[in-house]
Amino acid sequence: MEHYPLFYTFHFYLFGLVAVASAILFVTRRSPVSAAMWLVSTMFSLAALYVMLDAPFIGVIQVLVYAGAIMVVFLFVIMLLNLGQASEIADVRSQGWRLAAGLVGLALLAEIFALTRSSSVSGLTLAPGTAARAVNDAGAVGMVAGPLFTTYLLPFEITSVLLLAAIVGSVMIGKQRRAADAR
Amino acid sequence: MNFMTPLDLSIPSQLTIALAPDLLLMGGAMILLLWAAWRPEGVRHQRTIGTACIALIALTAVVIGWFIYRNATATQGPIAVDRFRWIADLVLLLATAGTIALSMDYNEREGMMAPEAHVLILLASSGMMLLAAARDLMVVFLGIETMSVATYVLAGMNRRSPRAAESAMKYFLLGAFSTAFLLYGMALVYGATGATNISVIGDRAVQYGLTGSPLLLTGVALMIVGFGFKVAAAPFHMWAPDVYEGAPTPITAYMAAAVKAAAFAAFLRIWYEAFTPVYPSWHNAIWWLAAVTMAVGNIVALRQRDLKRLLAYSSIAHAGYLLVALTVNSAAGSEAFLFYAFVYTIATLGSFAVVVALGEAGERSLNVDDYAGLWTVRPWLAIAMAVFMLALLGFPVFGGAGFFAKWYVLKAALQVPSPHWKLAVVLVLTSVVSAGYYLYVVMVMFMRPRLAGAVVPARSRGLTGFVIAASAVLLIALGFFPERLVRLTRGSAPLSALSVPAASSSVPLPLTRPADR
């Protein structure tokens, strides 16, 4: 167990607690809009944790994509469906489902504890500070972009086919309804 | 091109050659997509696009045939270049071509105007071909997602049918749920071994003594759950009957035949190549999965009277038989798997084609009772359906190659050093149970009188008729010459060189081991 400076430890607990508290508030709010806002707060805290893990690029992307783009779309959907008031949506989650979800959550928590206690193999672990050095050498973006466009170019390109299939699919469903209505 | 030396997949140009069939299908699909959107919608345009799609599939199959003929091999990389991939590709392309042919007739009858649906089927198939080829967990995941996303939409293609919407929604939610399991499992496996390439995972598991690592084993367990959902193995099969019932029938055929075969191909390759070192840990889990799936699928199918639901449970049962081939973990097991997948795909496609032919507009007349006395009004259709039912049952001679498919799986299960006697007994017993519903359909068609007031089904349209006839003839022909297909599948096992209980069959194992990434 290496020693972390107090500054680091303080911020880890600060953002960690904010993330957990916001996540709990997120699942317990009845109004969709405030739930969405707490989710934004969770996303921001996670972004801070990524930065502390020497992954500033991932942190920035987290803010841009999740806290920014996706949450804005989310709020648009809530507004378009007019779900602003809590009274308008019936809570479909019954007591049994909540219990089951809680049990799954506990199981996952227990799993994480069990896994952190299992020792990692020495040959497969990186020396501490490897990530920080790599960020210094290649730059925060280069460290992600390098492997993405060399080693993992094939999966990257397949992703574009996946997105194409998703776009064609959504257009097809949206477009066909008009054709059917016109009939 | 010279294939005497293996393709070096770390060189981009050679990787491109190895991906030629996939790239051809994807590129062709994109051009067809533009063409589909270019012209105003119309019945003729839809038919033209469908025909072009089938032509593209034929072209891809020719390219694959050329790769088989030249016996291409490759060094270990993100994708595999081996017989297993090519044969699985041919199975998938056959199912895709059949599905597009059926949808061309079906969409016209149901008044659905969506030429891009045919192209979406092609995109799903390119995801499937990646699954058959994938040797990297990332490619597996992206292949599964490409396939699934397209299929979710296809299931809900008919916007006027509330049942189709329910089917698509259920399929989407449970598909996303199962993908989460799969992805979590993959992440844990990556965490344990530090690799996504499946042969590197296998190597490292041995090299670093990870066979007892809780991280790796939890990952394997979660991946079993994920794949269990994807191939509809009990107890993860609950979604299948509802989804299969609500989706348009050609798409149901596609889900039961191609989607299942593709998911199984990736399932088998990962378990054979990456997880052979931890075989003792997962053997029992897959053993029980196979046994429970065979039992549940066949027993529940006995109570079904809706033909689409009946075939859905039948496809669950067949997932169990295919899991037996996976449990065996030998070269013979993988060869039996390919043979079985080939025969099962043709028989499933054929039987759903009959359902398409007999279902009138709006998907009525799908009850088994509507088939009563079919022999008296549409004798050829009745004979073809009987062939498909008997093939799925595994009946000798009249069921064509269906008998040999089950026979080879049984043989593979019993030929390994520690024979799986109990599993073989379960397989035989549940097959006997399955006679209860397969033969019931045959009996109803041939021996019951036609219901009073039942309309005589219209003559099946050209393409549907062709799919039915071709499937039946192919099944019977393979029943007389099974060795043709056996020769094609021989030496196709994607076995890891570290493999434990390999059977007698001579398999050219990869001689080069991958350099660590």
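Shown above is the structure to which this text applies.
In this text the structure is predicted, and so the values were computed from the model without any measurement.

Undergrad: Just checking my understanding: could you explain the overall build of chain B for this structure?
TA: Counting its secondary structure elements, chain B contains 20 helices and zero strands. Taken over C-alpha atoms, the radius of gyration comes to 22 Å for chain B, in line with the 24 Å a tight globule of 517 residues would show. Principal-axis analysis of the C-alpha atoms places the extent of chain B at approximately 70 × 55 × 40 Å. Classification of the 517 residues of chain B by burial places 63% in the buried group. Within chain B, residue pairs in contact and separated by at least 24 positions form 81% of the contacts whose partners lie at least 6 positions apart. Summed over all atoms, the accessible surface of chain B reaches about 18100 Å², with 69% contributed by carbon and sulfur. Positive and negative charge centroids in chain B, built from 34 and 24 side chains respectively, lie 5 Å apart.

Undergrad: Help me understand the overall build of chain A in this model?
TA: A count of helices and strands for chain A gives seven helices and zero strands. Starting at the N terminus, the α and β elements of chain A follow one another as α-α-α-α-α-α-α. Here chain A holds 183 residues, and the buried ones make up 19% of them. Here the analysis covers contacts within chain A between residues at least 6 apart in sequence; of these, 56% occur between residues at least 24 apart. Accessible area for chain A stands at about 12600 Å²; split by element, carbon and sulfur atoms hold 73% of it.

Undergrad: Whenever I open this one, the interface of chain A and chain B confuses me. Can you help?
TA: Chain A puts 27 residues into the contact, and the matching count from chain B is 41 residues. Summing both sides of the interface, chain A and chain B together bury roughly 3100 Å²; the carbon and sulfur share of this comes to 77%. At the surface where chain A touches chain B, the tally comes to zero salt bridges. At the boundary of chain A and chain B, one finds one residue pair in polar contact (both at pLDDT 80 or more). Going through the elements one at a time, helix 4 (95–117) and helix 7 (153–182) of chain A are the ones with two or more residues in the side of chain A that touches chain B.

Undergrad: So what exactly am I meant to see when it comes to the pattern of salt bridges here?
TA: Pairing of side chains with opposite charge becomes possible as their charged atoms draw close. All names here are of chain B. A full pass over the atoms with the stated rule returns 13 salt bridges over all chains. Residue K170 pairs with D242 through a salt bridge whose shortest N-O separation is 2.8 Å. Residue K170 is located in helix 7 (residues 162–193), and its partner D242 is located in helix 10 (residues 239–246); the two are separated by 72 residues in the primary sequence. D242 gets classed as partly exposed once you look at its relative accessible area, which sits at 26%.

Undergrad: Is there a simple way to explain the packing of helix 14 (residues 331–358) of chain B against helix 16 (residues 379–393) of chain B in this structure?
TA: Helices that pack against each other are described as a pair by the angle of their axes relative to one another and the distance between those axes. All names here are of chain B. The contact between helix 14 and helix 16 brings their axes to 9 Å, and the two run at 145°. Crossing hand, helix 14 versus helix 16: left-handed. Judged by residue contacts, Y344, A347, T348, G350, S351, V354, A357 and L358 of helix 14 engage L381, M385, F388, M389, A391 and L392 from helix 16. In the contact of helix 14 with helix 16, the residues fall into 11 nonpolar, three polar and no charged.

Undergrad: Sorry, what's going on with unusual backbone geometry here?
TA: Most of the time, phi is negative for any residue but glycine, and the peptide bond is trans. Residue and element names in this part refer to chain B. Look at the link from A234 to P235: it is a cis peptide, with omega at 5°. As for its position among the elements, P235 is in the loop between helix 9 (214–230) and helix 10. In this structure, A232 is a non-glycine residue whose phi angle is positive, near 55°. On the secondary structure map, A232 appears in the loop between helix 9 and helix 10. In this structure A232 comes out as buried when scored by relative accessible area, which is 0%. Phi angles above zero are rare outside glycine, and V397 is one such case at about 60°. Topologically, V397 is positioned in the loop between helix 16 and helix 17 (402–415).

Undergrad: What is the right way to read the side chain of E273(B) from this model?
TA: Residue and element names in this part refer to chain B. Position of E273 among the secondary structure elements: in helix 11 (residues 249–273). The exposure class of E273 is buried, given its relative accessible area of 2%. Within polar-contact distance, the side chain of E273 engages the side chain of R135 at 3.0 Å.

Undergrad: Hey, could you run me through the side chain of E145(B) in this one?
TA: For E145(B), the location among the structural elements is in helix 6 (residues 137–155). Despite its burial, E145(B) pairs with no opposite charge, the nearest such side chain being K230(B) at 4.7 Å. When neighbours within four sequence positions are excluded, E145(B) is seen to be in contact with L162(A) and T179(B).

Undergrad: Just to check I follow, could you spell out helix 2 (residues 20–38) of chain B for this structure?
TA: Since one α-helical turn is 3.6 residues long, residues separated by three or four positions face the same way. Residues and elements named next belong to chain B. The terminal C-alpha atoms of helix 2, which comprises 19 residues, lie 27 Å apart, in line with the 27 Å expected from a rise of 1.5 Å per residue. Those residues of helix 2 lying buried are P21, D22, L25, M26, G28, A29, L32, L33 and A36. End-on, the buried residues of helix 2 take up no more than an arc of 170°, which puts them together on one face. Of the exposed residues in helix 2, the ones pointing more than 90 degrees away from its buried face are I31, L34 and W38.

Undergrad: How should I be thinking about the nonpolar core in this particular structure?
TA: Within soluble globular proteins, side chains that are nonpolar generally end up buried alongside one another. Ranked by internal contacts, the top residues of the largest apolar core, which has 213 residues, are M223(B), F227(B), I270(B), W271(B), F275(B) and W282(B). Beyond its immediate chain neighbours, meaning those up to four positions away, F275(B) contacts V189(B), I201(B), L216(B), V220(B), M223(B), I270(B) and W282(B). If you look at the next biggest cluster of nonpolar residues, it comprises eight residues, including L39(A), A67(A), M71(A) and I78(A).

Undergrad: Before we go on, may I ask you to explain the environment of A124(B) in this structure?
TA: Residue and element names in this part refer to chain B. Residue position: A124 is located in helix 5 (residues 115–133). Considered as a pair, A124 and R159 are 35 residues apart in the sequence and their alpha carbons are 20 Å apart. Ignoring any residue separated from it by four or fewer positions in sequence, one finds A124 in contact with T146, M147, A150, T151 and Y254.

Cut-offs used in this document
Residues numbered from 1 in each chain as written. Chains lettered and ligands numbered in written order. Predicted model: local features only at pLDDT ≥ 70, side-chain atom pairs only at ≥ 80, totals over all residues. Heavy atoms only, no water. Helix = DSSP H or I, 4+ residues; strand = E, 2+ residues; numbered from the N terminus. Rg over C-alpha atoms; globule rule 2.2 N^0.38 Å. Buried < 20%, exposed > 50% of the residue type's maximum accessible area, 1.4 Å probe, protein only. Contact = heavy atoms within 4.5 Å. Areas by Shrake-Rupley, 256 points an atom, 1.4 Å probe, with all protein chains shown as cover. Lys, Arg positive; Asp, Glu negative; His and termini not counted. Charge placed at Lys NZ, Arg CZ, Asp CG, Glu CD. Buried area = accessible area lost by both parts, 1.4 Å probe. Salt bridge = Lys/Arg side-chain N within 4 Å of Asp/Glu carboxyl O. Polar contact = N/O pair within 3.5 Å; in protein donor to acceptor, adjacent residues only side chain to side chain. Axes fitted to C-alpha atoms, helices over the stretch in contact; angles between N-to-C directions. Left-handed = near helix turned anticlockwise from the far one by under 90°. Nonpolar A, V, L, I, M, F, W, Y, C, P; charged D, E, K, R; others polar. Expected span 1.5 Å × (residues − 1). Arc of directions from axis to C-beta. Core = buried A, V, L, I, M, F, W, Y, C linked by side-chain atoms within 4.5 Å.

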